[in-house]
Each structure stands twice: as C-alpha cells, then as structure tokens.
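Structural features, examined
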Amino acid sequence: MTPRAARVVADGIDSREGNAQMKIDGGIGFDPKGVAEQAARAEASGYDGVWSAETSHDPFLPIAIGAAATEKLEFGTGITVAFARNPMTLAVVANDLQLLTEGRFMLGMGSQIKPHITKRFSMPWSHPAPRMREMIQAIRAIWKSWENGEKLDFRGDFYTHTLMTPFFNPGPNPHGNPKILLAGVGEHMTEVAGEVADGFLVHGFTTERYLREVSLPALERGAAKAGKARDDLTVSYPGFVVSGSDDESSEAAAVAVREQIAFYGSTPAYRPVLELHGWGDLQSELNTLSKRGEWVKMGELIDDDVLNAFAIVCPLDEVATEVRNRFEGMVDRFSFYAPYKVDPEVWKDVLAGFHG
C-alpha cells in the first residue's frame, strides 16, 4: 500500500466543556487538479476548513486555487515541511495566502525526519526543536518588519535576517498575520508549539492516551513559558476511523488503517507513542519489515488492541458518539483520517450524527 491518507470530514460538535465548538475539517486531496471543485463542495457542505498536505505535490498551490472558489472555508497546510525551506520563503508565501484567502489561512508546519531533510531536500538538519523555535521567531520578526516598518534585525543560532529593502516589503497585511500551527509527536517539539506557535497539529499516529498524558501536558508547559494558557492555542487532530456501510467495506477500512498505523509505527521517532502502551518491541519489528518493503505483512502485526487504541472502530451511526467520547474537551479541530476510499453519500449519516 502506498502510505498516503485521505481525510473525510463531518461537522459540528462541542469542545472544551462547551466553551467553544469543535471545528470539523477535511482535505482537498493530493492533486491540484480539481481543487476548486473540491473546495467549493466542502464549503457548501458546511465544513469549517480543509488541509492541504505536502506529499507528491506542493501544499500551497491547492490553497491558492481553492481560495478563489470559496468565501468562508478556512485553509491550512497540514503540513508543509518547514526545514525544506527558510523563514523568509515561508513568511512570504504565508503572507500571500493570507491575502488571497482574505484572512482564512493557517500555516501548518512540521519538521519531517532527518533522512527526508538531508537526502530528499538536501537541506541542513540539527537540533530540530530549537531550530523550529527559532524559525517561527524569525518568521514573526519578518512579519513585524512588514507590519510596522521597523528594521529587520533577526540574529539567531540557525537563521539570520538583516536585510529588508522597501522593494521587497509588501507592507502590513490587512487581514493580520496568519496563525502558525506546529506539528509534533515528541515532547520537545510539542513544547515549542505551545511556546511560540498559535496551535498544535497532532500527528495521526497518536492515541487518546498519548494525547492526554503526553502531548497536551507538554503543550501546556510550552505555553506557560510564554505566559499563555491552553485556551490561547488551537489543537487540531486527524483521528483514524474504521467504519463502513457493510462488513466488507468495514473490513477493507480496517486493513487500510492497520497498514497506515504500521507505516507510521516503523518510524523510530514515533516509538514513544507505542512505548507508552507497552508496545515498544512492535516498533522494532515494523522498522525491520519496512526496510524490506513488506507493507502488507507490517499491517498484519497491528492487532485489535493496537487498532482500537489508534482508531475509532464502530458502525457508521456510532462514529459521532465515539468521537465525542474520546476527544471532546481536548481538541478544537477534528478530521477523520481515512486511508481508504470513502463514498460521501454513505457518510451523510455520520455528518447527521454530528449535527444531532
């Protein structure tokens, strides 16, 4: 199986003790062709936002296309690979998309892992959490220089920006600066998200227990460093769901999700999630099989206990209830992570469950 995932969406549940409504997001696919139609359908269906992933296509182009076809739909990169770029390039493109969407853009960033940064993008890798903190600080310094015209003078350990002439200064953004959401799995990166970002993008390879016991406490520790509270941050989570209109489709969904979980589980950086549940040895097995390209066999190692920890497994008419039971009060934006073909018509009952 090719390790890609499609997000399916529903709408309308309450979050954080009823203080705010959980926003339900979807995706606009991996191919920029047809994005305008997808975005328009998402908005017409009442979805709050859509995320554009960086896989085999650029994550920013679909948003530029979708912006012209919508009026209220929010857009975010989920994620763009931050270390494949520099603070200036990210500041410029995010500012442009904030203009095009008229204030509906979120810059979702992630570090990726070292082999991709050094071998795929030929970019430097070192101290990912401190580097990411500095990258976000540099982006904000660039935006500030555009906003108030003050001299750009950012000097850090990883990035230095000291030149901004009027010709290259777009001026203040009439819609304000976009929010920055940072993705992470480990505690260090999650703390950085709480400290310098506007929110946290939870990785799909996360269980309710890991989110509650590890990620959210780390996020709050980071926020405290900057004098912020949890309510000042947006937490977005793509949760695996296994369901279908009949036994055959439900089983196909389970196979696809098992393989996706196995793919993520083979990554050494994600081992702490498995270790929290006492499944550390599984990561080693998956990593060995991944080097042989044995994706199907990897999926077979994901037993029912692991599947149920990472995914919501239930009939279609129970999905909304299960999402509420697991994540109400913990996340602000939720999207269903479904790495299998989904018929939108079949999922109308799921959407109705959230409205109810």
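All figures in this text were calculated on a predicted structure; none of them were measured in a lab.

1. Observations regarding the overall build of the protein chain
Looking only at helices and strands, the protein chain features 14 helices and 14 strands. Scaling as 2.2 N^0.38, a compact globule of 356 residues should have a C-alpha radius of gyration of about 21 Å, and the protein chain matches this with 20 Å. Dimensions along the principal axes, computed over C-alpha positions, put the protein chain at roughly 65 × 45 × 40 Å. Looking at the protein chain as a whole, 50% of its 356 residues are labelled buried. Taking as baseline every contact in the protein chain between residues at least 6 positions apart, the subset at least 24 positions apart corresponds to 72%. For the protein chain, the accessible area works out to roughly 15,900 Å², and carbon and sulfur atoms hold 50% of it. When the 35 basic and 49 acidic side-chain charges of the protein chain are each reduced to a single mean position, those positions are 7 Å apart.

2. Describing a negative patch on the surface
Taken together, the side chains of Asp246, Asp247, Glu248 and Glu251 make up a negatively charged region of the molecular surface. Residue position: Glu248 is located in helix H8 (residues 247-265).

3. Notes on the side chain of Thr267
Note on placement: Thr267 falls in the loop between H8 and helix H9 (271-276). According to the relative accessible area criterion, Thr267 is buried, its value standing at 14%. Each residue touching Thr267, except ones within four places of it in the same chain, is listed here: Ile113 and Gln283.

4. As for the environment of His188
Position of His188 relative to the elements: it lies in helix H6 (residues 187-196). On the basis of relative accessibility, which here comes to 64%, the residue His188 falls in the exposed class. For the pair His188 and Gly222, spaced 34 residues apart in the sequence, the C-alpha separation amounts to 8.9 Å.

5. Things to note about the packing of aromatic side chains
One pass over the structure, following the stated rule, counts 14 aromatic pairs. Aromatic pair Tyr264 and Tyr337: ring centres 6.3 Å apart, planes at 70 degrees, arrangement edge-to-face. With Tyr264 in helix H8 and Tyr337 in strand E14 (residues 333-338), the pair connects residues that are 73 residues apart, well separated along the chain. Classification of Tyr264 as buried rests on a relative accessible area of 14%. Within the aromatic cluster, the residues linked to one another by ring pairs are Phe205, Phe240, Phe263, Tyr264, Tyr270, Trp295, Phe310 and Tyr337.

6. Considering the side chain of Arg333
Within the element layout of this structure, Arg333 appears in strand E14. The class of Arg333 is buried, set by a relative accessible area of 4%. A polar side-chain atom of Arg333 sits 2.7 Å from a polar atom in the side chain of Asp25. Only 3.0 Å separates the side chain of Arg333 from the side chain of Glu74, close enough to count as a polar contact.

7. Focus on the pattern of salt bridges
For the coordinates displayed, the defined rule picks out 17 salt bridges. Close ionic contact of Asp304 with Arg258 constitutes a salt bridge, the shortest N to O distance being 2.8 Å. Placement of Asp304 in helix H12 (residues 304-310) and of Arg258 in helix H8 is noted, with a sequence separation of 46 residues between them. Take Asp304: its relative accessible area is 47%, and that puts it in the partly exposed class. Shared partners join several salt bridges into a network, and the residues in it are Lys23, Asp25, Glu74 and Arg333.

8. Observations regarding the pairing of strand E11 (residues 199-202)
Here is the key point about a regular strand: its side chains alternate between the two faces of the sheet. Residues of E11 alternate between two faces, with Gly199 and Leu201 on one and Phe200 and Val202 on the opposite face, all of them buried. One ladder, built from four bridges, connects strand E10 (residues 179-184) with E11; its direction is parallel. The partner of Leu181 across the bridge, within E11, is Gly199. Taking the sense of rotation as the criterion, the β-α-β connection linking E10, H6 and E11 turns out right-handed.

9. Section: the environment of Gly76
Structurally, Gly76 is set in strand E5 (residues 74-77). Gly76 gets classed as buried once you look at its relative accessible area, which sits at 0%. Remark: the alpha-carbon pair of Gly76 and Met106, spanning 30 residues in sequence, is separated by 4.4 Å. In this structure, Gly76 is in contact with Val50, Trp51, Ser52, Ile63, Phe105 and Met106, ignoring residues within four places of it in sequence.

Calculation rules
Residues numbered from 1 in each chain as written. Predicted model: local features only at pLDDT ≥ 70, side-chain atom pairs only at ≥ 80, totals over all residues. Heavy atoms only, no water. Helix = DSSP H or I, 4+ residues; strand = E, 2+ residues; numbered from the N terminus. Rg over C-alpha atoms; globule rule 2.2 N^0.38 Å. Buried < 20%, exposed > 50% of the residue type's maximum accessible area, 1.4 Å probe, protein only. Contact = heavy atoms within 4.5 Å. Areas by Shrake-Rupley, 256 points an atom, 1.4 Å probe, with all protein chains shown as cover. Lys, Arg positive; Asp, Glu negative; His and termini not counted. Charge placed at Lys NZ, Arg CZ, Asp CG, Glu CD. Patch = residues over 30% accessible without salt bridge, like charges linked within 9 Å, V, L, I, M, F, W, Y side chains within 5 Å. Salt bridge = Lys/Arg side-chain N within 4 Å of Asp/Glu carboxyl O. Phe/Tyr/Trp six-rings, centres within 6.5 Å; stacked < 30°, edge-to-face > 60°. Polar contact = N/O pair within 3.5 Å; in protein donor to acceptor, adjacent residues only side chain to side chain. Pairing = 2+ DSSP bridges. Right-handed = clockwise from strand over helix to strand, strands pointing away.

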